[in-house]
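Working through the structure, step by step
Next come the chains, spelled out residue by residue.
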Amino acid sequence: MSGGLGVFQQNTGVFLNRGGVLNYAFTAEISPGFDFAAGFNLFGYQRQLADDRFNINSGIDLPQLEETDDFILQLAPAIQFRAGKLSLGMVVENLLDYNLSTGENQIGNNGNIFLGILVYQIPVNLFQDSNSSYLQPTVYVKRLPDFENQVGITTLLSTPKFWVQGGYN
C-alpha cells in the first residue's frame, strides 16, 4: 500500500493550473504469482487564463476559455492484473472532471479518456546479477474523445547500476 500528497503548477500556454494531488495505490495477492492492484489520483486545482493578452474573438465560441479562476476536481482511477511476468492495466484519466465553481461536470457523454496497458517483464543477465535486471516492453492504447486513438510502445531496461527507457507514440 502506498500514498502520496503533492502540489503542482502546470502552464499549458493557455491555462495556468495550480493545485494539489492526492494519490493512493495498493496491491493484493490473489494467489501465488497473480496480483491485483488498484489506485487513484485525485487532483484539485484552480484554472486561470495563463496570458491575459490572449484576445478572444467574439465570433468564435470557446467555452473552455470562459472557465477562468474556476476550481476543478479531477479523479483518475486505475486497475492492474498481473499473472507472472505479464500485466494488464486500465486507467480512466478523467472519470470525474467536476468544476466546483460552476457546479458542472466538465466532460460530456463521450468525454472520458481511457488508457489500456500491456506489460511483459523479461529477466536479463547483466553485471552478474540476474535477480534484479530486466527488460520491460510496454504497449498502450489511449482513447481520446473526438481524436484518433493513440498507440505506443515503450521499453525499459533496468539494472542495479542504471536504467534506460525509450518509446514511440
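Our structure's up above, just so we're on the same page.
Moving on, we get to the overall build of the chain. Helices and strands together make up the secondary structure of the chain, namely zero helices and 12 strands. The buried share among the 169 residues of the chain stands at 24%. Here the contacts in the chain between residues at least 6 apart in sequence split such that 44% fall between residues at least 24 apart. In the structure as shown, the chain presents an accessible area of about 11,300 Å², 56% of it carried by carbon and sulfur atoms.

This model, assessed by the stated rule, comprises two salt bridges. Asp-35 is the partner of Arg-82 in a salt bridge, and the nearest nitrogen-oxygen pair spans 2.3 Å. Of the two residues, Arg-82 sits in strand β4 (residues 70-83) while Asp-35 sits in strand β3 (residues 34-49), which places them 47 residues apart along the sequence. Judged by relative accessible area, which is 28%, Arg-82 ranks as partly exposed. The exposure class assigned to Asp-35 is buried, which follows from its relative accessible area of 13%.

Let us look at the pairing of strand β12 (residues 163-168). A small share of β12 lies buried, amounting to zero of its six residues. Taking the residues that link successive antiparallel strands as the turn, the strand β11 (residues 150-158)-β12 hairpin has four residues.

Before going further, it helps to spend a moment on the side chain of Asn-94. Of note, Asn-94 is situated in the loop between β5 (86-92) and β6 (96-99). What makes Asn-94 buried here is its relative accessible area of 5%. At 2.7 Å, the side chain of Asn-94 forms a polar contact with the backbone nitrogen of Ile-113.

With respect to the helices and strands, Thr-159 occurs in the loop between β11 and β12. Looking at Thr-159, its side chain comes within polar contact range of the main-chain nitrogen of Lys-161, at 3.2 Å. Here Phe-162 takes part through its backbone oxygen, which lies 2.8 Å from a polar atom of the side chain of Thr-159. Thr-159 has contacts with Leu-126, Phe-127 and Ser-133, leaving out every residue within four places of it along the chain.

This part covers a nonpolar patch on the surface. A cluster of nonpolar side chains, contributed by Leu-86, Leu-88, Leu-118, Tyr-120, Ile-122, Val-139, Ile-153 and Tyr-168, occupies part of the molecular surface with about 750 Å² of accessible area. Elements that contribute at least two residues to the nonpolar patch include exactly β5 and β8 (114-120). Considering the arrangement of structural elements, one finds Leu-86 in strand β5.

Reading the values: rules and limits
- Residues numbered from 1 in each chain as written.
- Predicted model: local features only at pLDDT ≥ 70, side-chain atom pairs only at ≥ 80, totals over all residues.
- Heavy atoms only, no water.
- Helix = DSSP H or I, 4+ residues; strand = E, 2+ residues; numbered from the N terminus.
- Buried < 20%, exposed > 50% of the residue type's maximum accessible area, 1.4 Å probe, protein only.
- Contact = heavy atoms within 4.5 Å.
- Areas by Shrake-Rupley, 256 points an atom, 1.4 Å probe, with all protein chains shown as cover.
- Salt bridge = Lys/Arg side-chain N within 4 Å of Asp/Glu carboxyl O.
- Pairing = 2+ DSSP bridges.
- Polar contact = N/O pair within 3.5 Å; in protein donor to acceptor, adjacent residues only side chain to side chain.
- Patch = residues over 30% accessible without salt bridge, like charges linked within 9 Å, V, L, I, M, F, W, Y side chains within 5 Å.

Taken by themselves, the reported measurements are silent on function.
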